[in-house]
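One-letter residues, chain by chain:
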Amino acid sequence: MDIEEMRRELRTLTDRAEIADLLGRHLRSLDAGVFDEEWASAFHTEDVTAEMPIGTVHGRDALLSHVRRAMALFDRTVHLGTDAVIEIDGDRATARGAQLSTHVLADGPDGPGGLFVSAGHTDNELVRTPDGWRISASALRVVWTRGTPPRLPEDFALAAPASPVA
């Protein structure tokens, strides 16, 4: 193995570690509940597209607003993810994993404290930026749920309907 091949392999390993770390920190951040501009820019590109079970949003500001409103429906959450399968192509990458999300409702049919659990697959597109890897597109496709989902406020506007679960 020559030095240039070693450099490429080291870069690939470093990229994988950085992407895995970003995805893990992102899941943990959802449970911390601090959703501000610093949070949004630490994980997402300015032109991010995020497909969630309750709608699709385009742009970091729209994502931040949507996540704030959605996460306010819960008193507490725990998000668990599997190791993602990461494919790197230069300054772009994809990552696919599974996610299990447990939510304690802030308010529900039986009052606060009910549980809503969902599980599904996450597909992410990432790009290398001057500040490191960032998510440029994400999709959470829920495969199953348990419990009663939160009541969405009537004015909870969706930018676009979520794609059907495949």
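Definitions and cut-offs
Residues numbered from 1 in each chain as written. Predicted model: local features only at pLDDT ≥ 70, side-chain atom pairs only at ≥ 80, totals over all residues. Heavy atoms only, no water. Helix = DSSP H or I, 4+ residues; strand = E, 2+ residues; numbered from the N terminus. Buried < 20%, exposed > 50% of the residue type's maximum accessible area, 1.4 Å probe, protein only. Polar contact = N/O pair within 3.5 Å; in protein donor to acceptor, adjacent residues only side chain to side chain. Contact = heavy atoms within 4.5 Å. Core = buried A, V, L, I, M, F, W, Y, C linked by side-chain atoms within 4.5 Å. Patch = residues over 30% accessible without salt bridge, like charges linked within 9 Å, V, L, I, M, F, W, Y side chains within 5 Å. Areas by Shrake-Rupley, 256 points an atom, 1.4 Å probe, with all protein chains shown as cover. Salt bridge = Lys/Arg side-chain N within 4 Å of Asp/Glu carboxyl O. Pairing = 2+ DSSP bridges. pLDDT = per-residue confidence, 0-100. Expected span 1.5 Å × (residues − 1).

A. Representation of the side chain of H103. By secondary structure assignment, the location of H103 is in strand β5 (residues 92-105). On the basis of relative accessibility, which here comes to 6%, the residue H103 falls in the buried class. Among the polar contacts listed, one links the side chain of H103 to the backbone oxygen of F116, at a separation of 2.8 Å. Not counting the four nearest positions on each side in its chain, H103 is found in contact with F74, R76, T77, H79, G114, L115, F116 and S118.

B. Summary view of the side chain of H44. Inspection of the secondary structure puts H44 in strand β1 (residues 44-52). On the basis of relative accessibility, which here comes to 3%, the residue H44 falls in the buried class. Not counting residues within four places of it along the chain, the set of residues in contact with H44 comprises H26, W39, R60, L63, R134 and I135.

C. The arrangement of the nonpolar core in detail. Core analysis: the largest hydrophobic core is formed by 27 residues, its most contacted members being I19, F35, W39, L63 and L126. Looking at this core, the elements that each hand over two or more residues are α1 (3-32), α2 (37-43), β1, α3 (60-71), β5, β6 (115-129) and β7 (132-147). Tallying contributions element by element places α1 first for this core, with five residues.

D. Summary view of a nonpolar patch on the surface. A contiguous nonpolar patch, built from V78, L80, L100, V143 and W144 and spanning about 450 Å² of accessible area, is present on the exposed surface. Counting residues per element, the ones that place at least two in the nonpolar patch are β3 (74-81) and β7. Tracing the backbone through its elements, the reader meets V143 in strand β7.

E. Region of the structure containing the environment of H66. With respect to the helices and strands, the residue H66 is situated in helix α3. Given a relative accessible area of 6%, H66 falls into the buried group. Along the chain, H66 and I54 lie twelve residues apart, while their C-alpha atoms are 9.5 Å from each other.

F. Region of interest: the pairing of β1. Where β1 and β7 come together, four bridges link them in parallel fashion. Looking at β7, one finds that T49 is bridged to A137. Here β1 pairs with strand β2 (residues 55-58) via four bridges, running antiparallel. Among the inter-strand pairings, T49 is bridged to a residue of β2, identified as H58.

G. Region of the structure containing the confidence of the model for the chain. Averaged over every residue, the pLDDT of the chain is 91; the share at 70 or more is 91%. Low confidence marks residues 159-166, where pLDDT is under 50. Its contacts with residues over four positions away, or in another chain, come to eleven contacts.

H. Structural context of α3. End to end, α3 covers 16 Å across twelve residues, agreeing with the expected 16 Å (1.5 Å per residue, within 8%). Structurally, α3 contributes buried residues whose contacts are with α1, α2, β1, β2 and β3.

I. Spatial organisation of the pairing of strand β4 (residues 85-89). As paired elements, β4 and β5 share five bridges and run antiparallel to each other. The residue of β5 that forms the bridge with V85 is R96. Linkage of β4 to β5, two consecutive antiparallel strands, is achieved through a turn of two residues, within which G90 is found at a positive phi near 65°.

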